[in-house]
Protein chains: 2
Amino acid sequence: MSSSNAIGDSTFIQQRNLVEQVADYLTQAIIGQKFAPGERLSEVQLARDLGVSRAPVREAARLLESRGLLVSQPRRGFFVRALDAAELNDIFDLRLCLERHAMARLVENFDADKEERLRNQVEVMCEVASGDSESRKIEEDLVFHRMVISFSGNRRLLKAFDDITHELRLCIALIGKTHADPDSISTSHWLLLDALASGDPERCREAVDYHIGVARDYVVQGIGETAP
Amino acid sequence: MSSSNAIGDSTFIQQRNLVEQVADYLTQAIIGQKFAPGERLSEVQLARDLGVSRAPVREAARLLESRGLLVSQPRRGFFVRALDAAELNDIFDLRLCLERHAMARLVENFDADKEERLRNQVEVMCEVASGDSESRKIEEDLVFHRMVISFSGNRRLLKAFDDITHELRLCIALIGKTHADPDSISTSHWLLLDALASGDPERCREAVDYHIGVARDYVVQGIGETAP
DNA sequence: CGATTGCCGACTGTCGACAGCTTCGATTAC
DNA sequence: GTAATCGAAGCTGTCGACAGTCGGCAATCG
């Protein structure tokens with residue numbers, strides 16, 4: 001994460017692959033709703049706009065396809081992923097599956113250090129809850145959940161979570177808002193922390209089910225309002 | 001491998017993308033132990049051997065990287081994924097997570113049709129258990145588990161399972177053998193079916209835990225023998 | 001004799017170009 | 001007026017080529 005390059009970030013960016021830069025640009029553009037869901041993306045036009053050739057664009061598009069932000073049709077090109085309510089339900093169901101497992105593993109090896117770091121993150125989220133941008137709130141929320149998965153000790157589980165993270169950002173962006181109540185976000189996460197601190201697996205599972213259930217219902221309802 | 005036209009010589013080869021064909025070839029080569037774990041793959045050499053240009057090779061390699069069969073280092077190229085015991089444990093732990101969830105969802109909506117199709121598949125596995133090739137046994141086993149996930153109704157869960165399927169094939173191929181006892185494979189799967197038919201979620205969970213646990217212990221033990 | 005430096009070969013990252021396919025609008029037949 | 005047809009434009013799939021970079025080897029210096 002921290003750049004081991006003592007020179008600075010400017011050279012680091014210069015040395016980065018064009019593929020990654022294009023992928024970042026496309027990711028931000030899709031999350032930022034610069035493209036409509038289902039819209040077709042032209043490789044040549046993207047290459048022209050970004051001042052690069054088609055090769056990096058193609059590879060970046062393939063990368064985003066594997067992340068679920070784009071879908072490709074042979075001989076037709078890439079399209080922005082369009083999510084319906086059913087797919088949204090599936091994504092949150094998978095997230096529930098992963099986070100249940102992570103919590104169950106984490107509660108077996110919970111310690112003071114992990115508790116403190118999670119507590120600090122929740123406090124960051126509380127500070128951000130009112131005032132900062134929506135995307136900032138989302139990112140800090142994802143950081144917390146990623147920490148939980150990471151602390152569970154299973155790196156492959158973390159990769160699976162990172163995979164659906166991109167789709168989560170997409171569908172959260174689609175409904176254009178996060179939590180209705182800025183307080184609910186903090187209380188809900190304190191609940192998760194308390195469950196972990198109690199050491200009770202059943203309580204952890206209940207806390208996760210409640211937390212993910214609320215988020216899913218909110219997003220699915222938001223999608224229903226957006227595109228009925 | 002073959003010097004020229006290793007992928008295919010018919011005229012209809014153009015109907016499928018070269019990327020997919022190269023990806024299939026590379027997948028079979030990696031699963032078939034034609035490349036050593038950690039071995040570096042040269043794009044130009046692969047392109048020469050397959051009689052195509054580097055572009056399809058690069059895109060296929062990126063695809064296999066997303067599937068966990070290759071890893072890439074910037075400016076250095078692609079390397080065959082090498083799995084250690086810890087990663088193997090993580091993979092089977094994630095598989096346990098996914099299959100537990102699928103079984104829990106499936107037992108809620110289990111019906112006679114699904115039961116019959118799963119039963120037929122287990123019978124196929126029993127027929128194949130003694131005599132056919134190892135890869136055939138593995139594939140039929142994966143078909144059964146994929147059916148369970150598929151019947152659960154969550155397509156995103158199925159995609160997550162397909163993602164780790166490639167890694168499962170890799171690590172199973174690494175140890176070079178499947179189940180020690182050809183009978184254990186059938187009894188273990190009948191146990192899963194009976195648990196589903198009983199409609200008891202707790203019994204389903206126990207059956208999955210036992211099934212995946214046996215498979216994990218066997219593979220992890222096999223890896224320990226292969227590369228201690 | 002060990003460490004450093006310069007060089008060489010090979011490789012990856014990127015580019016522009018061509019062929020075949022897809023799409024969409026104009027045209028024509030009914 | 002409608003529907004099918006045809007053609008042009010744009011697109012993707014694929015290719016060969018060039019430049020910058022990395023790793024290894026040898027020559028040089030302490």
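Residues numbered from 1 in each chain as written. Chains lettered and ligands numbered in written order. Predicted model: local features only at pLDDT ≥ 70, side-chain atom pairs only at ≥ 80, totals over all residues. Heavy atoms only, no water.

## Focus on the overall build of chain A
Now for step 1: The helix and strand tally for chain A stands at 10 helices and 3 strands.
Now for step 2: When the 228 residues of chain A are sorted by exposure, 45% land in the buried category.
Now for step 3: Put simply, of all contacts in chain A between residues at least 6 apart along the chain, 68% involve residues at least 24 apart.
Now for step 4: Of the accessible surface of chain A, which amounts to about 11600 Å², a share of 50% is contributed by carbon and sulfur atoms. (Helix = DSSP H or I, 4+ residues; strand = E, 2+ residues; numbered from the N terminus. Buried < 20%, exposed > 50% of the residue type's maximum accessible area, 1.4 Å probe, protein only. Contact = heavy atoms within 4.5 Å. Areas by Shrake-Rupley, 256 points an atom, 1.4 Å probe, with all protein chains shown as cover.)

## Topic: the pairing of strand β3 (residues 77-80) of chain B
All names here are of chain B.
Now for step 1: Inspection of the sheet shows strand β1 (residues 40-41) paired to β3 by 2 bridges, in the antiparallel sense. Residue pairing across strands places Arg-40 opposite Phe-79, the latter belonging to β3.
Now for step 2: For strand β2 (residues 70-73) and β3, the ladder comprises 4 bridges, and the chain directions are antiparallel. Residue Val-71 lies in a different strand from β3, and its bridge partner there is Phe-79. (Pairing = 2+ DSSP bridges.)

## A word on the protein's contact with DNA strand C
Now for step 1: Inspection of the region around DNA strand C gives 20 residues, with Leu-18, Ser-53 and Arg-76 of chain A together with Arg-54 and Arg-58 of chain B positioned closest.
Now for step 2: Counting only atoms of DNA strand C within 4 Å of the protein, the fraction found in sugar and phosphate groups is 73%.
Now for step 3: With respect to DNA strand C, the side chain of Arg-54 of chain A contributes an N or O atom lying 3.5 Å from a base nitrogen.
Now for step 4: A distance of 2.7 Å separates a phosphate oxygen of DNA strand C from a polar atom in the side chain of Arg-58 of chain B.
Now for step 5: Among the elements of the structure, α2 (18-31) and α4 (54-66) of chain A together with β1, α2 (43-50) and α3 (54-66) of chain B are those that each provide at least two residues to the surface near DNA strand C.
Now for step 6: Along the lines of polarity and charge, the residues of the surface near DNA strand C split into 7 nonpolar, 4 polar and 9 charged. (Near = heavy atom within 4 Å. Polar contact = N/O pair within 3.5 Å; in protein donor to acceptor, adjacent residues only side chain to side chain. Nonpolar A, V, L, I, M, F, W, Y, C, P; charged D, E, K, R; others polar.)

## Details of the packing of helix α1 (residues 18-31) of chain B against α3 of chain B
Residues and elements named next belong to chain B.
Now for step 1: Where α1 meets α3, the closest approach of the two axes is 8 Å, and the angle between their N-to-C directions is 55°. By the angle between their directions, the pair α1 and α3 is classed as oblique. The handedness of the crossing between α1 and α3 is right-handed. Between α1 and α3, the residues in contact are Leu-18, Val-19, Val-22, Ala-23, Leu-26, Thr-27 and Ile-30 and Pro-56, Val-57, Glu-59, Ala-60, Leu-63 and Leu-64, respectively.
Now for step 2: Of the residues in the contact of α1 with α3, the class split is 11 nonpolar, 1 polar and 1 charged. (Axes fitted to C-alpha atoms, helices over the stretch in contact; angles between N-to-C directions. Parallel < 35°, antiparallel > 145°, perpendicular 65-115°, else oblique. Left-handed = near helix turned anticlockwise from the far one by under 90°.)

## Thoughts on the relation of the copies chain A and chain B
Two chain copies, one operation linking them: a rotation about an axis together with a shift along it.
Now for step 1: When chain A is fitted to chain B, the residual RMSD is 0.0 Å, and the transformation amounts to a turn of 180° plus an axial shift of 0.0 Å. Expressed as a symmetry operation, the mapping of one chain copy onto the other fits a two-fold axis. (Least-squares fit on C-alpha atoms with pLDDT ≥ 70 in both.)

## What about the pattern of salt bridges?
All names here are of chain B.
Now for step 1: Taken as a whole and assessed by the stated rule, the structure comprises 36 salt bridges over all chains.
Now for step 2: With a shortest N-O distance of 3.8 Å, Glu-108 and Arg-105 are connected by a salt bridge. Of this pair, Glu-108 and Arg-105 both sit in helix α4 (residues 85-108), 3 residues apart, roughly one helical turn.
Now for step 3: Among the salt bridges present, the one from Glu-139 reaches Arg-169, with a minimum N-O distance of 2.6 Å. Of this pair, Glu-139 sits in helix α6 (residues 134-151) while Arg-169 sits in helix α7 (residues 155-175); the two residues are 30 residues apart in sequence, bridging distant segments of the chain. (Salt bridge = Lys/Arg side-chain N within 4 Å of Asp/Glu carboxyl O.)

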